[in-house]
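Structure assessment
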Amino acid sequence: MTEEQKTGAKKVTAHSNCEHPPTKAARAKCRRAKGKITVQQSAGATVEAKPAPEPTVEKSDEVLDAVADVDRVTRENWRDFKNARVTIHIYNRMPVKNAIIQGWGAKFFDYLIQGADKSTRVPAAEVERVLLLND
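Structural notes, computed from the coordinates.

Calculation notes
Residues numbered from 1 in each chain as written. Predicted model: local features only at pLDDT ≥ 70, side-chain atom pairs only at ≥ 80, totals over all residues. Heavy atoms only, no water. Helix = DSSP H or I, 4+ residues; strand = E, 2+ residues; numbered from the N terminus. Salt bridge = Lys/Arg side-chain N within 4 Å of Asp/Glu carboxyl O. Buried < 20%, exposed > 50% of the residue type's maximum accessible area, 1.4 Å probe, protein only.

Points about unusual backbone geometry
The backbone of N92 sits at a positive phi, close to 65°, despite the residue not being glycine. Relative to the helices and strands, N92 resides in the loop between β2 (86–90) and β3 (96–104). The phi dihedral of N98 falls on the positive side, at around 60°, and the residue is not glycine. Turning to its location among the elements, N98 is positioned in strand β3.

Structural data, given as structure tokens:
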């Protein structure tokens, strides 16, 4: 049960005190803006927020050493490895193995999968790392 449910605080949803036009879109925008404001907060009551816990990060020297031994491809040196087979690690996706880099700019990363006619484009910010395949 949340703190708001315990104290009986309710979300402010009435539009009687709002100065926006009485349109559906304006009311929706207002609701989104007021979504987390409660009656107690709007009346001037103070609400204590709990601090977020510190994230714990495990450092493994073995993993870092293994990656350091493999040739990494970067945005600066990708042209040197243009026809080489690489494994592409993209954020929140499965690694793409046996791909060929088509282009790597500031905004986009293009690669070609073996057997495909067209290259695939992903945002460059989502590319975590590109590693050469050991043939």
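Concerning the pattern of salt bridges
All told, the structure shown has two salt bridges when counted by the stated rule. One salt bridge in this structure joins R93 and E126, with 3.6 Å as the shortest N-O distance. Residue R93 is located in the loop between β2 and β3, and its partner E126 is located in the loop between β5 (120–123) and β6 (127–132); the two are separated by 33 residues in the primary sequence. Overall, the relative accessible area of 44% leaves R93 in the partly exposed class. For E126, a relative accessible area of 27% translates into the label partly exposed. Between R121 and D110 there is a salt bridge whose closest N-O contact spans 3.0 Å. Of this pair, R121 sits in strand β5 while D110 sits in strand β4 (residues 108–113); the two residues are eleven residues apart in sequence, bridging distant segments of the chain. Take D110: its relative accessible area is 14%, and that puts it in the buried class.

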